[in-house]
Amino acid sequence: MAFPTFSLPLLLLLLQLVNPLLSLSNLHKAKLLEPETLLESSNADDVPTRFFQVTRPIKLPTTKPCSYPILQHDFGFTYGKPPVTAPYTPPTSCPSQNFSKIVMEWTATCKGRQFDRIFGVWLGGVELLRSCTAEPKATGIVWTVEKDITRYSSLLKTPQTLAVHLANLVDKTYTGIYHVNITLHFYPAEEEHPNSAAYLGNNFDSHPDLIIPISRNLPLNDGLWFIVENSTDTQFKEFVVPRNTYRAVLEVFVSFHSSDEFWYTNPPDEYIKANNLTGVPGNGSFREVVVSLDGKTVGAVWPFTVVYTGGINPLLWRPITGIGSFDLPVYNIEITPFLGNILDGKLHEFGFGVTNALNVWFIDANLHLWLDHKSSITEGHLVRSSAEPFSPSIISHFSGLNGTFVTVARRNISATGWVKSSHGKITTHSFQNFDFLNRMLFGKDGDEQIVNQTIFANYGVYAEFPAFNMYSTQVSHHFPLYLYTDTLDEGNGSYSLVSNVSMGFNEEKFSSAGFGFSYSSLRNKQKGQGSMLVKGNLVVGGLSSTQQAYKYFSNGGCYFRTVRSKNYTVLSDESGETCGKEFHGFGYSKRPPFGHRRASLAAHFGPNPRGNRLI
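1. Some thoughts on the overall build of the protein chain
Within the protein chain one finds five helices and 29 strands. Counting the 615 residues in the protein chain, one finds 57% classified as buried. The long-range share in the protein chain, meaning contacts at least 24 apart out of those at least 6 apart in sequence, stands at 76%. Just so you have it, the protein chain exposes about 24,700 Å², and 52% of that area is on carbon and sulfur atoms.

This is how it looks when you write it as structure tokens:
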């Protein structure tokens with residue numbers, strides 16, 4: 001969502017300032033085009049088009065759910081107004097209050113003209129969903145987002161306030177009203193299944209006992225998220241943890257907008273200054289969300305480049321939306337090693353900042369806590385932590401508006417600490433490793449831009465328990481991005497915006513506890529090609545096509561989906577749950593690459609002092 005804080009007069013002013021032949025503003029310029037003029041299918045009828053994000057279906061129990069409609073609201077002119085709220089009380093109509101799965105379902109319809117809008121859903125100040133609306137068409141659209149919120153089950157056991165912030169603008173031109181329904185589905189447990197963590201005699205990897213919102217408090221007119229406006233802006237939230245806490249994980253929500261919506265395309269300031277450019281976002285192509293605890297860096301987020309439904313070329317995301325745009329990724333930071341510093345019953349403070357930020361970033365978090373029910377006080381100590389300050393390296397070569405820029409960054413964060421509880425003394429090691437490479441090219445006197453970017457992010461936790469038990473988990477992310485944009489003068493006051501994009505969200509997860517393990521791998525790749533013929537600020541023609549391949553593999557099963565679309569029409573759509581030829585070339589046998597996991601964990605934590613295998 002490009003314009004969370006812009007008014008319509010400002011939008012019109014920006015349109016007048018845009019140079020239609022300067023590709024440095026292509027992506028932001030495309031966001032300013034009149035959305036209602038975007039080309040629709042020639043065979044459009046009165047049936048709303050269903051938009052969708054390709055993802056793995058939630059595996060549901062066989063039990064019949066108890067459904068709880070919690071909110072129905074029409075988001076018309078909601079800009080500058082407080083979030084819409086609704087009371088929540090735990091369901092009493094279910095035969096059981098023990099649930100194996102809880103799913104939140106968001107369904108929305110819209111007809112007319114409208115830009116994309118960012119929105120958030122909070123329960124008791126705890127964010128459950130960060131998402132983007134779809135841009136509607138004259139005959140209407142509909143889309144549904146289903147999210148597994150079982151991990152928030154402790155929150156759902158007591159009355160709360162549901163809050164939804166969707167800042168929308170409606171007038172004679174922008175007529176799209178978002179009609180929203182939110183329903184919670186509670187699936188009663190079929191039977192008790194002890195998990196691997198229970199085998200250890202503890203609940204280290206179960207659902208948390210308490211979730212503390214690290215967000216702003218109601219009432220507000222711009223959402224419960226913190227707003228970071230520049231590189232020196234740090235937002236803080238005070239909190240207190242119960243003194244019997246033995247594990248803590250911070251779940252961070254991040255989204256980027258306005259001048260930083262396409263931060264990965266921003267050139268260095270020296271290039272902007274040398275060419276006397278105005279209205280071109282700068283600060284280079286690197287961004288990092290830094291999380292601090294009482295002023296000390298404890299973790300970071302190098303975010304996936306989510307493209308919202310009006311981004312790059314809005315025609316690309318109809319009906320297949322961009323990866324993560326309907327359910328933005330969240331990022332976990334292990335706080336357990338630092339518990340020894342905050343188990344004193346006093347106020348402490350999380351801080352959020354963004355390296356090189358421009359206006360604006362929305363950030364908040366949920367602090368997940370595991371409590372020792374057999375004691376009132378736990379004891380902890382931070383043994384060591386490391387988060388050295390750093391800055392990205394930029395190599396620039398340019399002459400006039402043509403040039404190349406290579407930005408490289410690397411970051412390592414680690415910590416070790418122990419906590420004594422009724423489970424014994426648990427020593428936890430955590431690490432985050434990041435690598436960033438962005439190659440950017442400007443050609444044709446600035447009309448052409450090519451971005452080739454890769455982000456690698458590794459997150460790991462290794463916990464040692466008494467009696468030779470242990471828990472370990474590692475998550476590896478690979479986010480490739482290729483982007484080509486060009487502006488072609490078509491004469492008669494018109495021009496073409498050409499764009500090709502390829503992006504991937506690749507993830508590997510490995511966890512072990514006792515003698516059990518779980519492994520999964522996701523390859524999610526999306527490609528899009530499109531052009532828009534623009535006259536004034538109206539799209540008078542255009543073509544687009546999108547392809548996506550989603551492949552998930554785990555020791556619990558597989559799922560694949562491949563889909564292609566062109567100009568609002570789905571050309572092919574295949575999916576299944578087999579681990580057959582669709583996974584050929586993944587490089588997997590029936591066993592995951594355990595040797596790689598052992599080497600990776602050992603590299604961060606050192607040899608296991610007890611001589612135990614890490615898996």
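This is not the end of the story, as more comes after the structure.
2. Section: the environment of V47
Residue placement: V47 occurs in the loop between α2 (26-32) and β1 (49-50). Its relative accessible area of 55% is what places V47 among the exposed residues. In sequence terms V47 and T139 are 92 residues apart; their C-alpha atoms lie 6.7 Å from each other.

3. Focus: the pattern of salt bridges
Counting across every chain of the model gives 14 salt bridges. Between E135 and R318 there is a salt bridge whose closest N-O contact spans 2.7 Å. With E135 in the loop between β6 (126-132) and β7 (141-148) and R318 in the loop between β15 (296-301) and β16 (330-334), the pair connects residues that are 183 residues apart, well separated along the chain. Its relative accessible area of 4% is what places E135 among the buried residues. The partner of K147 in a salt bridge is D327, with the nearest N and O atoms 3.5 Å apart. With a gap of 180 residues between them, K147 in strand β7 and D327 in the loop between β15 and β16 connect regions that are remote in the sequence. You can call D327 partly exposed: its relative accessible area is 24%. What you see here is one network of salt bridges that share partners, running through E127, R130 and D364.

4. A few points about the sheet that holds strand β8 (residues 160-166)
Pairing is antiparallel in the open sheet, where four strands are placed in the order β3-β8-β5-β6. Only two strands of the sheet have a single partner each, and these edge strands are β3 (84-88) and β6. Pairwise comparison of adjacent strand axes, ignoring direction, gives a mean angle of 15° for this sheet. Taken together, the five bridges between strand β5 (residues 118-123) and β8 define a ladder with antiparallel strand orientation. When the sheet's bridge partners are listed, F119 is paired in β8 with L166.

5. Observations concerning the state of the cysteines
Here a disulfide denotes one covalent bond, and it connects the sulfur atoms of two cysteines. Throughout the structure, instances matching the rule amount to two disulfides. Each disulfide pairs two cysteine sulfurs, and for C66 the partner residue is C94, the sulfurs being separated by 2.1 Å. Taken together, the residues C66 in strand β2 (residues 66-75) and C94 in the loop between β3 and β4 (99-110) connect sequence positions 28 residues apart. Overall, the relative accessible area of 7% leaves C94 in the buried class. Here C558 engages in a disulfide with C579; their sulfurs sit 1.7 Å apart. One quick way to see it: the torsion about the S-S bond of C558 and C579 is about 105°, and its sign makes the bridge right-handed.

6. Considering the nonpolar core
Counting residues in each nonpolar core, the largest one holds 98 residues, and the members touching the most others are L250, I335, F350, W361 and L367. Within the second largest apolar cluster, 42 residues are counted, among which are C66, A108, I141 and I182.

7. Description of unusual backbone geometry
Of the consecutive residues L218 and P219, the connecting peptide bond is found in the cis state with omega at -5°. The phi torsion at Y568 lies on the positive side, around 75°, for a residue other than glycine. Among the secondary structure elements, Y568 is positioned in the loop between β28 (557-566) and β29 (569-576).

8. So, the side chain of T265
Within the element layout of this structure, T265 appears in the loop between β13 (245-256) and α4 (269-274). Judged by its relative accessible area of 7%, T265 falls in the buried class. Leaving out residues up to four positions away in the same chain, T265 has contacts with L27, M440, F442, Q449, V451 and L483.

9. Examining a nonpolar patch on the surface
On the surface, L533, L538 and V540 cluster together to form a nonpolar patch covering roughly 230 Å² of accessible area. Counting through the fold element by element, L538 comes out in strand β27 (residues 538-554). On the basis of relative accessible area, L538 is assigned to the partly exposed category, the value being 37%.

Cut-off values and rules
Residues numbered from 1 in each chain as written. Predicted model: local features only at pLDDT ≥ 70, side-chain atom pairs only at ≥ 80, totals over all residues. Heavy atoms only, no water. Helix = DSSP H or I, 4+ residues; strand = E, 2+ residues; numbered from the N terminus. Buried < 20%, exposed > 50% of the residue type's maximum accessible area, 1.4 Å probe, protein only. Contact = heavy atoms within 4.5 Å. Areas by Shrake-Rupley, 256 points an atom, 1.4 Å probe, with all protein chains shown as cover. Salt bridge = Lys/Arg side-chain N within 4 Å of Asp/Glu carboxyl O. Pairing = 2+ DSSP bridges. Axes fitted to C-alpha atoms, helices over the stretch in contact; angles between N-to-C directions. Disulfide = S-S within 2.5 Å. Core = buried A, V, L, I, M, F, W, Y, C linked by side-chain atoms within 4.5 Å. Patch = residues over 30% accessible without salt bridge, like charges linked within 9 Å, V, L, I, M, F, W, Y side chains within 5 Å.

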